[in-house]
Amino acid sequence: MEKHARYVEAIRELCRIFAKKRTMELKLRAVDLSDADLFYEWENEISLWERGNTMRPFSRYALENYVLTSQNEPLEVAKQMRLMLDACSEDTILTLGCVDLYDFDFRDSKAAVGIFICESERRKGYARKAVALLCDYVSRIYNLNQLYAFVASDNSESRSLFSACGFEQTAYLKEWIQRGNVFKDVVLYQKILRNENE
């Protein structure tokens, strides 16, 4: 918990620096071994498990192993990739969250997307910028036709995010996921990327 408090204070200090300098830049980058501590904190936060597919805690060893192996496996084999979202100023870099691409389908030119922003940094526009960076990256580098996201119907923040980023609600899936003894509906959002690049 003390580590979390230090991290939150570091983010606040970075925001104060950015507010003065107005030179903040957001960047996506590859996962590094030093990110394992953040993953350990994020992935083991039980209150977040409902938003994803996690059903058990992760050990630090498992997360470090993930970092080491995920960077070496070809995307065509792994079919997933995590990118870290960093806020950068002239002399400071702080990780605000990450974006996950999964179910990469090179044949049909599409991938699913998930996003996580640290709780203290939510509702500041970082997620929207991260999705914009991601869309540009996958359309230029991987020539993907589309990204899509499955969002629980009661997750209003994520639904608003994907709508604001130009994703279109294309399906409503009844009782698609189970959380505890409750089945929840899921909304499918899609964004066609090729139209933006033509």
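Trainee: Whenever I open this one, the pairing of strand β7 (residues 182–192) confuses me. Can you help?
Mentor: Note on strand geometry: in a regular strand, side chains alternate between the two faces of the sheet. Across 7 bridges, the pairing between strand β5 (residues 146–152) and β7 is antiparallel. Looking at β7, one finds that A149 is bridged to Y189. Where strand β6 (residues 168–179) meets β7, 8 bridges bridge the pair, whose relative direction is antiparallel. Its bridge partner being in β7, Y172 is matched across the sheet by V187. Between β6 and β7, which pair antiparallel in sequence order, lie 2 residues; one of them, G180, sits at a positive phi of approximately 70°.

Trainee: What is the right way to look at helix α5 (residues 126–141) in this model?
Mentor: Side chains of residues three or four places apart in an α-helix project in the same direction, reflecting 3.6 residues per turn. Taking 1.5 Å per residue as the helical rise, α5 with its 16 residues ought to reach 22 Å, and the 22 Å between its terminal C-alpha atoms agrees with that figure. Taken as a whole, α5 has its buried residues at Y126, A127, A130, V131, L134, C135, V138 and S139.

Trainee: It is not clear to me how the nonpolar core should be interpreted in this structure. Could you clarify?
Mentor: For soluble globular proteins, the rule of thumb is that nonpolar side chains tend to be buried together. If you look at the biggest cluster of nonpolar residues, it comprises 31 residues, and the most contacted ones within it are L101, L134, L147 and F167. Tallying contributions element by element places α5 first for this core, with 7 residues. Listed in part, the 10 residues of the second largest apolar core include V31, L38, L63 and C98.

Parameters at a glance
- Residues numbered from 1 in each chain as written.
- Predicted model: local features only at pLDDT ≥ 70, side-chain atom pairs only at ≥ 80, totals over all residues.
- Heavy atoms only, no water.
- Pairing = 2+ DSSP bridges.
- Helix = DSSP H or I, 4+ residues; strand = E, 2+ residues; numbered from the N terminus.
- Expected span 1.5 Å × (residues − 1).
- Buried < 20%, exposed > 50% of the residue type's maximum accessible area, 1.4 Å probe, protein only.
- Core = buried A, V, L, I, M, F, W, Y, C linked by side-chain atoms within 4.5 Å.

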